[in-house]
Each structure stands twice: as C-alpha cells, then as structure tokens.
Amino acid sequence: MGLASVLLEILSRPTMGDVLSEFMMFMAPLWVAVIVGVLVGWAWKPKWADLACRDLMDSFASKDSSSSSSVGFGSIPSLNFLKFQLPTCISGGSDDGVQRNSFDVSPPINSNCSSSQLTSEKSLAVAEDDLEHLCRLVEVKDGGPAWIHMMNRSTSTMSYQAWRRDPENGPPQYRSSTVFEDATPEMVRDFFWDDEFRSKWDDMLIHSSTLEECPTTGTMVVQWVRKFPFFCSDREYIIGRRIWESGRLYYCVTKGVPRSSVPRRNKPRRVDLFYSSWCIRAVESRRGDGQLTACEVLLFHHEDMGIPWEIAKLGVRQGMWGAVKKIDPGLRAYQKERASGASISRSAFMAQINTKVSADYLRSLESCSGDSAEVETSDASEKPRNNIPKLLVVGGAVALACTLDRGLLTKAVIFGVARRFANFGRRL
C-alpha cells in the first residue's frame, strides 16, 4: 500500500517533467543500493563462488547438449540436499532412471591385483601407512587438534556420540562412536561394505560400481555417485578401500584415489579429497550383563565437496542425528536378510577378505605416534558469545538465500557477505 500511494502521488504531478523528475528521484536510491550491493558482493566473492558458477554453466551446457543429441547425462540432476548437509529447502526434478543408465559405462572389473596398471599406480593404493594413520586416529594419538564434542544421542538399540575438529588447513573433520546392540563385528563389517544393499537404506547413493578388486588382499576401487545440495551438481567419488583384521578387531579404510581410466566429467563433479575410515570392535552391551554382544564403530570422516565449510558445519550439526538414526533399521534389515540364508553380494564377499595383522604390530604403530590430542568434553570452549551471532548470520543467510529465489549469483553474494560478517564478528 505504501508503494502504491507513492506512485500515485508521483503520477498526480501536473506536468510530465515533474513526473519524470520525481520518478528519477524515487528510483535513484534503489539503483545506488543495487550497484553498491553488486560491488560489495563482488569484492567479497568467496572462492567457492567460481566453483558454483561453473556448476551452473555445466548444467546449462548439459541441457543444451541433451536437446541436440541422444547421448548425454540428460536433465539437471536432483537438487535435494545431503542428509549430512543443509536441510531441504529447494527441490528439483530428476529422473533417476536416466541418471543410473548414464553411469553404465564403467570399465570392466580388474580382478588381477598384480597387473601392470596396479603396479604403475601402486602409490595410490590403500597401503600400510593408511592402517598406521587410522590406528593413530583410533587411539587419539595423531597429534591433530583437540576433538570438540557435538552430541550424544541414543535409541533402544543404538547409541551415538560425535565430535568435530577444525584443522588449520582443510575441511572440518568428524569423529563418531556408534554402538549397535545385538550385532557382531563381522555383520557390521559386511553391512557397511555391501554397496548392493546400501541402496536400500542410503538414499543419497544413486550409483555404485566396482572398478577394481584384488582377491588376495581384498582391496577394492569403487565408483560412487551421491546426491548433492541445492545449486551444485551431484558428486562422483573414486574410492579405494581395504580391511585389516586383528582378532575380531577390523580396521576399514576408504579414501579417494585417482583413477586414470575413469575420465572426469562436468556432471557429476568428482570429489578428490575424501577420507572415511572406521574401526569395528565388539564391546559390552549396555544391559550390563558382561557379554560382548554389542558392536562399536569408531568413524573418522572428512571431505571437500566444494561447499563453504562454515555452512557445511551448520548443516552437519542440524542433520547428523536424523541421518545416523536411519542406519540402525538398515542394519536390522540386513541381519534378517542374512539370517534367511540369502546369498551375499560380491562386495560383501570382498569384505571378508582381510589382511591379518597381530596385536603386537598394532601396538608398535601406536608407539610411533606423536603426542596425544586431548578430547574436549563439549563445544562450550568455542566462545559461545561469538558463536551465537555467527550462527545467526550464517543461518539467516541460508534462510534468505532459500527464500528470495533460486538464482546462483544471489546465493553466492548472500553467503559471501554472511561469511565475511561472521569472520568479522569472530575477530571482535
């Protein structure tokens, strides 16, 4: 109503010159605000905005190519958020059938672990130093920053704790402890390795295939494609993985590895920095009967997907438990399927091929570790007086970006400005 009254007042001027002059005076502050906003946004443009712009241009290019040729990735993939990232506020159309068919071009499985290709890329394989690094993480002796406790949740059949730390260089790192009641380490090991069954409980995984496997060590190279949040395209992972066994203790290493035989594409965009490894061991049930009928999974995870780290941390904190508590029903369904006598998948079979190591060898790895990194009991030490405004700034930017429109540049400016203000507040 206020805008309409102002316009009516301008139009009621006696001459056309008065109308034009009044209209120009009315519009001038708005144009100045727009120009200043563009200049400020460009000056504070974050590095990830270039990546986001390329994502948008890739989407347009893919759409043009699909309209002129029958070969391609088809329409823009689903824009649903990752469960471990921001809550869903933008939805987009997708055709999972088209997406899945577009990935049926993987090279045949190489099951000869002594081939010349593996020899030429042996530095990229999952090796003993990866086991050593995981052992140090498990014993909290890797010399990294202190872990900050994030949450402690539980259900009747599962308990969960999570920590986070922020290295000086690199994305945030996460550590979690999940205890499943009435589960064996062997069953949990197969469950997390079984890509065929994973699609039944992990709705973020839209494609998986095995590129390489070694029947001697159990080492595998797999290709995953996962859904990704809002304006970005889906992400592709080339993952090397291997399991070491010491008694009923299992060290499972998965990490991103280069793969020369799988060419990079514009969509999905490949994630190079990826690390997700865990230690599985039998623990005493919380029923207190002294029996080792529960199973603990110590997970260590970090990756650089191109999302601003501050926004990713906020989304992880809000969506982590909602995603984790869905794992337990998947595990129970897997237990029932295995108990029914159903044949196991190829990936689950490969999970049972482990490299055996002795307890003395593991202790020798721990003795070579650096100083222990302390584990903080809570995140109260993160200066809550500054964290609250920072959370409001970032959260407000997310809400504003999702409310105004779906334009990429608008979101880039909003998130860039919000991040600058958040960092400025932290320096005060």
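Quick notes on the rules
- Residues numbered from 1 in each chain as written.
- Predicted model: local features only at pLDDT ≥ 70, side-chain atom pairs only at ≥ 80, totals over all residues.
- Heavy atoms only, no water.
- Helix = DSSP H or I, 4+ residues; strand = E, 2+ residues; numbered from the N terminus.
- Buried < 20%, exposed > 50% of the residue type's maximum accessible area, 1.4 Å probe, protein only.
- Contact = heavy atoms within 4.5 Å.
- Pairing = 2+ DSSP bridges.
- Phe/Tyr/Trp six-rings, centres within 6.5 Å; stacked < 30°, edge-to-face > 60°.
- Lys NZ or Arg CZ within 6 Å of the ring centre and 35° of its normal.

- Going by an unreviewed UniProt entry, the protein chain carries the name START domain-containing protein and comes from Acer negundo.

Description of the environment of Ile327
Right, on to step 1. Tracing the sequence through the fold places Ile327 in helix H10 (residues 327-339).
Right, on to step 2. By relative accessible area, Ile327 is classed as buried at 16%.
Right, on to step 3. The spacing of Ile327 and Phe180 is 147 residues in sequence and 10.0 Å in space, taken between C-alpha atoms.
Right, on to step 4. Sequence-distant contacts of Ile327, defined by excluding residues within four places in its chain, comprise Phe180, Phe191, Phe192 and Trp201.

Things to note about the pairing of strand E1 (residues 147-154)
Successive residues of a regular strand alternate their side chains across the two faces of the sheet.
Right, on to step 1. In terms of strand pairing, E1 meets strand E2 (residues 158-165) through six bridges, oriented antiparallel. Following the sheet pairing, Ile148 is matched in E2 by Arg164.
Right, on to step 2. Where E1 folds back on E2, the antiparallel hairpin that results is connected by three residues.

Comments concerning the packing of aromatic side chains
Right, on to step 1. All told, the structure shown has 11 aromatic pairs when counted by the stated rule.
Right, on to step 2. A ring pair is formed by Phe191 and Phe192, whose centres lie 5.1 Å apart and whose planes are at 65°; its orientation type is edge-to-face. Each member of the pair Phe191 and Phe192 is classed as buried.
Right, on to step 3. Judged by centre distance (6.0 Å) and plane angle (75°), the ring pair of Trp193 and Trp278 falls under edge-to-face. Residue Trp193 is located in helix H7 (residues 185-193), and its partner Trp278 is located in strand E9 (residues 274-283); the two are separated by 85 residues in the primary sequence. For the residue pair Trp193 and Trp278, the accessibility class agrees, reading buried in each case.
Right, on to step 4. These aromatic residues form a ring-pair network of at least three members: Phe191, Phe192, Trp193, Phe197, Trp201, Trp278 and Tyr334.
Right, on to step 5. Just above the ring of Tyr250 sits the side chain of Arg189; from NZ or CZ to the centre is 4.9 Å.

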